[in-house]
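# Remarks on the overall topology
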Amino acid sequence: MSEEVIFTLFYLILSFCIIYPPVEFVSAGFTIPSLFSRVLGSEDENFVSYHIKRTIVTLGVYSLLPLGYIIALFASEYFQDVSSLIIDGSLFWKVFFTTSLALPILALYQIRNWIIDDFKHHPIAINLAKFCNNNNRDWKTVAADINTEFRRVDKICVQTSSLVKVIATENWILKVKPFTILLAHQSDASLVVQKADTHRISLQTTTETQYLNIEVKSGRLGVETFIIRINASDFKDLEDRIARDITILPNVKFHKTVTEQFVDVFKETIKSNARYDTREELDQCIGCMQTRPNVKLQKLCGDNTGGAESCTTCYCKPMWCVDCMAKWFASRQESDQQNTWLSSKCTCPMCRAKFCILDVSLLDSIDVEE
């Protein structure tokens, strides 16, 4: 393979990694936002301004990539006849060289159009202006509201890819793209899960991951409808942050993780165990802090061997709900031996007494939903 081909392939791969950075580049900080962090400022302090600057820098860098290839050819010791290649070479090289010069010029012209009138014609500013309620407000007022909400710790940020990020604040749903931000106000937005597709992570394992396509449609005139694609594991966090209900179409079937499937089996299995009667005043489950404790660990199995691996008596009062106890049990098992989970043992989260699934009792008068 010639040196020209090797150099060209290397530059193409590098350009692709700059445009769509892989995990290794992101981890190393070799991305446009990281490299130009001093220019962009802090996203937390001024969210909208940060992304306006980011889109400008991104457009400039992208436009310089073809010209960078020409400059690299001139600078390389292996290519001494680049000038003759461009001047006397084929039509392809002449067109490529002309294009590499034209792209930065066109990018500068576009950046100029974005900057004039205090960024009024920038795609982000145009999208924000659609949410102005009257003539006394401009896009900066909407930007200030978003900046304030983004500074709060209760926002949800989901990095759906190296280029796209989904953000849900108290009142806004935002999709950050390389050159713009699509947004909707929760008060007049509808969210519909339209599609779910499942992918196997590796051919050597049975582990699967599911992605959901959620349509976000605003009730305001002129606001663009957009799709957010997130991992199903992030859906619960997004749903908790969204003030409105998320509609799930009948044809969409959620894929349950191994842990979620085990929780269902765990709950069904302990229904046949003896119940535990208590008159104690119980606080919230210390695992999730969302529901009352409804299980108690008490030695009911016939394991009386007395060995180190035998079940022992737990003296803790009921402090956990069945979901949290099932998840705790699953977390202490070997991930590659799922067929042995039900017959395995675990330790109490508090006193470390060893127990098996036969030792988990529902509190009296407690019904466990599927």
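What counts, and at which threshold
- Residues numbered from 1 in each chain as written.
- Predicted model: local features only at pLDDT ≥ 70, side-chain atom pairs only at ≥ 80, totals over all residues.
- Heavy atoms only, no water.
- Pairing = 2+ DSSP bridges.
- Helix = DSSP H or I, 4+ residues; strand = E, 2+ residues; numbered from the N terminus.
- Axes fitted to C-alpha atoms, helices over the stretch in contact; angles between N-to-C directions.
- Contact = heavy atoms within 4.5 Å.
- Phe/Tyr/Trp six-rings, centres within 6.5 Å; stacked < 30°, edge-to-face > 60°.
- Buried < 20%, exposed > 50% of the residue type's maximum accessible area, 1.4 Å probe, protein only.
- Lys NZ or Arg CZ within 6 Å of the ring centre and 35° of its normal.
- 1 Å grid on protein atoms, 1.4 Å probe; cavity = no way out; pocket = protein on both sides within 12 Å on 5 of 7 lines; lining within 4 Å.
- Points joined across faces, edges and corners; volume = space filled by probe spheres on them.
- Nonpolar A, V, L, I, M, F, W, Y, C, P; charged D, E, K, R; others polar.
- Expected span 1.5 Å × (residues − 1).
- Arc of directions from axis to C-beta.

## Quick notes on the sheet that holds strand β2 (residues 165-168)
The strand order β1-β2-β3-β4 describes an open sheet built from four strands, whose pairing is antiparallel. For this open sheet the edge positions go to β1 (156-159) and β4 (181-185), each flanked by a neighbour on one side alone. Adjacent strand axes in the sheet meet at a mean angle of 10° when their direction is disregarded. Where β2 and strand β3 (residues 172-176) come together, four bridges link them in antiparallel fashion. Residue pairing across strands places Val-166 opposite Lys-175, the latter belonging to β3. Of the strands in this sheet, β2, β3 and β4 touch helix α5 (residues 47-75), which is tilted by about 20° from β3. Strand contacts of helix α9 (residues 139-150): β1, β2, β3 and β4, with the helix running at about 90° to β3, the strand carrying the most contacts.

## Quick word on the packing of aromatic side chains
Within this structure, the stated rule accounts for 13 aromatic pairs. Relative to Phe-329, the ring of Phe-262 has its centre 5.9 Å away and its plane inclined at 15°; by these criteria the two rings are stacked. With Phe-262 in helix α11 (residues 258-269) and Phe-329 in helix α12 (residues 322-331), the pair connects residues that are 67 residues apart, well separated along the chain. Judged on exposure class, the residue Phe-262 and its partner Phe-329 are both buried. Clustering of aromatic rings is evident, with ring pairs tying together Phe-262, Phe-266, Phe-329, Trp-341 and Phe-355. When the ring centre of Phe-150 is taken as origin, the NZ or CZ atom of Lys-155, which lies over that ring, is 4.7 Å away.

## Some details on the layout of surface pockets
Taken as a whole, the second largest pocket encloses approximately 460 Å³ of empty space. Contributing to the lining of the second largest pocket are 22 residues, with Pro-33, Arg-54, Gln-159, Ser-162 and Leu-163 lying nearest its centre. Looking at the lining of the second largest pocket, the element that brings in the most residues is α5, giving five residues. Classifying every residue of the lining of the second largest pocket gives twelve nonpolar, seven polar and three charged.

## Side note on α11
End to end, α11 covers 16 Å across twelve residues, agreeing with the expected 16 Å (1.5 Å per residue, within 8%). Buried residues of α11: Phe-262, Val-263, Phe-266 and Lys-267, and no others. Down the axis of α11, the buried set is contained in an arc of 135°. They therefore lie on one face. Buried residues along α11 sit against α12 and β12 (360-362).

## Some points on the environment of Gln-290
Topologically, Gln-290 is positioned in the loop between α11 and β9 (295-297). The class of Gln-290 is exposed, set by a relative accessible area of 67%. Along the backbone, Gln-290 and Cys-321 are 31 residues apart, and their C-alpha atoms lie at a distance of 9.2 Å.

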